[in-house]
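So the chains spell out like this:
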Amino acid sequence: MLGVIITLAAVAAIAYFVIKNYYPPIILLIIGLILLLIAGLTGTPPVGAKTSTHFFGFDLAQAFTDLMKSRLPGLGLNIMAIAGFSFYMNKIGASKALVKLCIKPLAAIRSPYLLLAVTYIVGQLMALFINSAVGLGLLLMASIYPLLVSLGVRRAAAAAVIASTCCLDLGPGSSNAMRAADLINTDVVTYFVQGQIPVAICVMIAVAAGHFLVQRWFDRREAAKGIDDTPAGDTSDKTKDAFEGAGPVHYAILPILPLFLLIVFSPMVYSAVKLSLVTAIIVSVLIAFAVDLITRRSFKTSCKDSQSIFEGMGKVFTSTVSLICCAELFALGLTKLGGISTLIQLAASQEGSGLFLMLFIMLAIMIIATVVTGSGNSAFFAFSPLLPEAAASVGYNTIALVVPVQLAAGLSRAMSPIAGVVIAVSGISGITPIELIRRTIPVMIIGIIVNVAASLLFL
């Protein structure tokens, strides 16, 4: 019971510091070391005999060393590679070219709430190739948002849809998907096709329908009450020049290259050639560089823009990769302390309902942690190492527990008033984050329910 109390206190401490805008990785690292210290004092060593330094104080640091050694060559490198490619696509204007091409057909839809629903679907599909929720949100706010408002949709409704376009972390480019695939010992393409797609299709349809109904209900309710929809300040300048710096139309194919290569050269399509994610990224970068060089005919400019690849890799190391390693140290501390194991064993002991109780517990942890921290990555990286043990304790297929929990982290992000995409979109639209999440929460709850139901049905 003491382990459970300390575990709850540790989670509460992390939530407090993250809300106060402390740097999440160092907070997870410090609290993780404290948990390992407490576990060590109660008789559980931080590391095994194989890597022990034979001095308890050094073993605390050795635990972090072991995690870094295991994560940086594999998962860490994959995430940095996809981030570098994403930064490069943004630098040469390929991301904007893709968005510009995708939203052109939307202008032909004159039904405002049907346009809302379709905007979500298109945005969610674009999120497969544009990995930044904030980046995609800003592009859509500068491009499709004015069209939505001009058709009579209230600002909050348009902003709510755009803020939730990345609510599902899908595809090989998602760091959460990479981590989830790592947990079940498979490649990220197999996880995407066999695990995510069947569930995600159901969730996307439900979220699109939810936005159609929920946003229309809110709009009619506010209009009937005479609530003014005029922005408090002039926001027009924030939605101008949406596609300034966009590349030529043929650049739109470049962000899709890694996913195309990974699916084609996978066990599901053509298994004779084995292609890793990092290799696919390198090949895609070389192709993009060649296309850019031929198009602009400036070797010096093309070389200069390629610098963004390594800048992106460095930036994602300081944000995501460091977060993964520190979150795993925190999870190791929780595991060594035994608090989470106690809760898992308690759920597993409930005959007949153990499976559903376990799923509920893991979903509740993920949803609360995401809403409180505003980051689906922070929550999933911190608690995902517990999922294989949780699934095994009730004799459940690991992927069937990992998929709904992983997707729930993304869905929950759109319900957090401190999520980066929520803050960015609300700022441009001239509404408060609380006003925005009032409209996203009902839709995301629908998405979470369908997420669980589809996972139970298909996985």
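Just so it is clear, the model here is predicted, and its values are computed rather than measured.

Student: Whenever I open this one, unusual backbone geometry confuses me. Can you help?
Tutor: Trans peptide bonds make up most of the peptide bonds, and negative phi angles are found at most residues other than glycine. For H54, which is not a glycine, the phi torsion comes out positive at approximately 70 degrees. Along the polypeptide, H54 turns up in the loop between helix 2 (24-41) and helix 3 (56-91). Phi is positive for N185, close to 55 degrees, though the residue is something other than glycine. Looking at the secondary structure, you find N185 in the loop between helix 9 (175-183) and helix 10 (188-224).

Student: Looking at this structure, how should I read helix 11 (residues 257-264)?
Tutor: When helix 11 is considered as a whole, its buried residues turn out to be L257, P258, L259, L261 and L262. Its buried side turned inward, helix 11 meets helix 3, helix 10 and helix 12 (277-296).

Student: I'm lost on the packing of aromatic side chains in this one. Help?
Tutor: Each aromatic ring pair is summarised here by two numbers: the centre-to-centre distance and the angle between the ring planes. Under the counting rule described, the total for this entry stands at 6 aromatic pairs. Here W217 and F218 contribute two aromatic rings whose centre-to-centre distance is 5.2 Å and whose plane-to-plane angle is 80 degrees, an arrangement assigned as edge-to-face. Given a relative accessible area of 52%, W217 falls into the exposed group. Overall, the relative accessible area of 7% leaves F218 in the buried class. Between the aromatic rings of F289 and F299, the centroid separation amounts to 6.4 Å while the plane-to-plane angle is 85 degrees, which identifies the pairing as edge-to-face. Here F289 is found in helix 12, whereas its partner F299 is found in helix 13 (residues 299-305), with 10 residues between them in sequence. A relative accessible area of 53% means that F299 is categorised as exposed. Connected via pairs of aromatic rings, a cluster forms that spans Y16, F17 and Y22.

Student: What should I look at first to understand helix 20 (residues 420-429) in this one?
Tutor: Note that an α-helix has 3.6 residues per turn; residues three or four places apart therefore point the same way. Counting buried positions along helix 20 gives 7 out of 10 residues, so the element sits mostly inside the fold. Within the span of helix 20, buried status applies to V421, V422, A424, V425, S426, I428 and S429. In the core, the buried residues of helix 20 are packed alongside helix 6 (133-143), helix 7 (145-150), helix 8 (155-163), helix 19 (398-413) and helix 21 (433-458). Once helix 20 ends, the next one or two residues include G430, with phi positive near 80 degrees.

Scoring rules and cut-offs
- Residues numbered from 1 in each chain as written.
- Predicted model: local features only at pLDDT ≥ 70, side-chain atom pairs only at ≥ 80, totals over all residues.
- Heavy atoms only, no water.
- Helix = DSSP H or I, 4+ residues; strand = E, 2+ residues; numbered from the N terminus.
- Buried < 20%, exposed > 50% of the residue type's maximum accessible area, 1.4 Å probe, protein only.
- Contact = heavy atoms within 4.5 Å.
- Phe/Tyr/Trp six-rings, centres within 6.5 Å; stacked < 30°, edge-to-face > 60°.

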